[in-house]
Amino acid sequence: MHWYGEAGDLSTDTAQCEERVLNTTTIPSVLCNWEDLRAAGLISARDEYIRAVREVTFSLAEKGIAADLDKKDAALLQMVRTLDEMDDVINLLTERVTDWHAATTPGTSHKYTRANGPRLVQKIAKSGSPSLKRVAREILSLSGVRTDLMKEVSREAVSVIPNMSALVGGLVAARLIARAGGLDSAAKMPGSSIQVIGAESALFSHIRTGSSSPKHGIIFQHRRVHNAKKEVRGKVARQLAAKLAIAARLDLYRGELDPAFVEQANAKIDSIFGGDV
């Protein structure tokens, strides 16, 4: 592979080529035109140049994937995404089973079955038709696996992101970094961005149509936000998100719980409830 160096010199070292790509924001600025390389006698044909480009790009991709898998939050992110997909599957199957039950049970209200889906699945698992019972039992089994995985996510989050977990709990903290794209990405976000993670649709609607801007996203799942009075809920969400932004940086660069920070952050958030903002 051949790239221009800092002073316009040519290099044939693959490692140097990779380093220049990684340290350059615009790849064409360091990439030689293949005709220039041929004129310099370094390659004989365009095919040779393409093979060299392929070698470097594949090597960079492999190293990038390895680096991502080596991050301390890699397993946690996969666990959270699996948990969310399990929720989708359980909800979809529950809806399908309740509709199936309603179709085979005269006088059943569709509105009632949809509103009482989980409870109805337990009933169907005991007294439905053979096929319906088997599906209902699989849903209950999957729900049990989902509950165990949720507990494991919380435990893993306390280890990987201790400061964020101390503020909002392991499950909410894990979902925040998963939607952010990882701890690295979350640590680069300002509090205002963390505040609306999970409310992207409402945010884009606000930008496009001028509708009310969202005041919270995933952090609404935390008791401090959803239990707050409506008039202070936005302030609580904003303050909590600001502290989460700091906590994410502590978790990324220190990786240890900072009790003093957590205590100060909790006191600041709690003060909003007393009107001392």
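Parameters at a glance
Residues numbered from 1 in each chain as written. Predicted model: local features only at pLDDT ≥ 70, side-chain atom pairs only at ≥ 80, totals over all residues. Heavy atoms only, no water. Helix = DSSP H or I, 4+ residues; strand = E, 2+ residues; numbered from the N terminus. Buried < 20%, exposed > 50% of the residue type's maximum accessible area, 1.4 Å probe, protein only. Contact = heavy atoms within 4.5 Å. pLDDT = per-residue confidence, 0-100. Core = buried A, V, L, I, M, F, W, Y, C linked by side-chain atoms within 4.5 Å. Expected span 1.5 Å × (residues − 1). Axes fitted to C-alpha atoms, helices over the stretch in contact; angles between N-to-C directions. Parallel < 35°, antiparallel > 145°, perpendicular 65-115°, else oblique. Left-handed = near helix turned anticlockwise from the far one by under 90°. Nonpolar A, V, L, I, M, F, W, Y, C, P; charged D, E, K, R; others polar. Salt bridge = Lys/Arg side-chain N within 4 Å of Asp/Glu carboxyl O.

Turning to the overall build of the chain, a few remarks are in order. Looking only at helices and strands, the chain has 15 helices and 2 strands in total. Out of the 277 residues belonging to the chain, those deemed buried represent 39%. Sequence separation of at least 24 residues holds for 56% of the intrachain contacts in the chain that already meet a minimum separation of 6.

Let's shift gears to the confidence of the model for the chain. Here the chain averages 80 in pLDDT, while 70% of its residues score no lower than 70. For the stretch residues 1-10, pLDDT sits under 50, and the model shows 39 contacts to residues farther than four places along the chain or on other chains. In the predicted structure, residues 25-30 sits below a pLDDT of 50 and forms 6 contacts with residues beyond four places in sequence or in another chain.

Burial of nonpolar side chains together is a common tendency in soluble globular proteins. Among the nonpolar cores identified, the biggest contains 46 residues, and Leu76, Val153, Ile161, Met164, Leu167 and Leu244 are the most heavily contacted of them. Where this core is concerned, the elements lending two or more residues are α4 (74-104), α7 (130-160), α8 (162-168), α9 (170-180), α10 (183-188), α14 (230-253) and α15 (259-273). Here this core takes 10 residues from α14, the largest share from any one element. Contact partners of Met164, with chain neighbours within four places excluded, come to Gly169, Ala173, Leu176, Ile177, Leu183, Leu244, Ala247, Ala248 and Asp251. Within the second largest apolar cluster, 9 residues are counted, among which are Val97, Leu120, Val121 and Ile139.

Quick look at α7 now. The end-to-end C-alpha separation of α7 is 45 Å, in line with the 45 Å expected for 31 residues at 1.5 Å each. Residues of α7 that are buried include every one of Leu132, Ala136, Ile139, Arg146, Leu149, Val153, Ala157 and Val160, and no others. The elements touched by buried residues of α7 are α4, α6 (117-127), α8, α9 and α14.

Where α4 meets α7, the axes come as close as 9 Å, and the angle between the chain directions of the two elements is 155°. The orientation of α4 with respect to α7, classified from their angle, is roughly antiparallel. Seen from above, α4 lies across α7 with left-handed handedness. When the residues that make up the contact of α4 with α7 are grouped by side-chain class, the tally is 20 nonpolar, 5 polar and 4 charged.

Below, the discussion takes up the pattern of salt bridges. Pairing between side chains of opposite charge can happen when the charged atoms of each approach one another. Under the criterion given, the structure shown has 7 salt bridges. Of the charged contacts in the structure, one is a salt bridge between Arg146 and Asp87, with a shortest N-O distance of 2.6 Å. In this pair, Arg146 is assigned in helix α7 and Asp87 in helix α4, connecting sequence segments 59 residues apart. With a relative accessible area of 18%, Arg146 lands in the buried category. A single network of salt bridges, built from pairs that share partners, joins Asp84, Asp87, Arg146 and Arg175.

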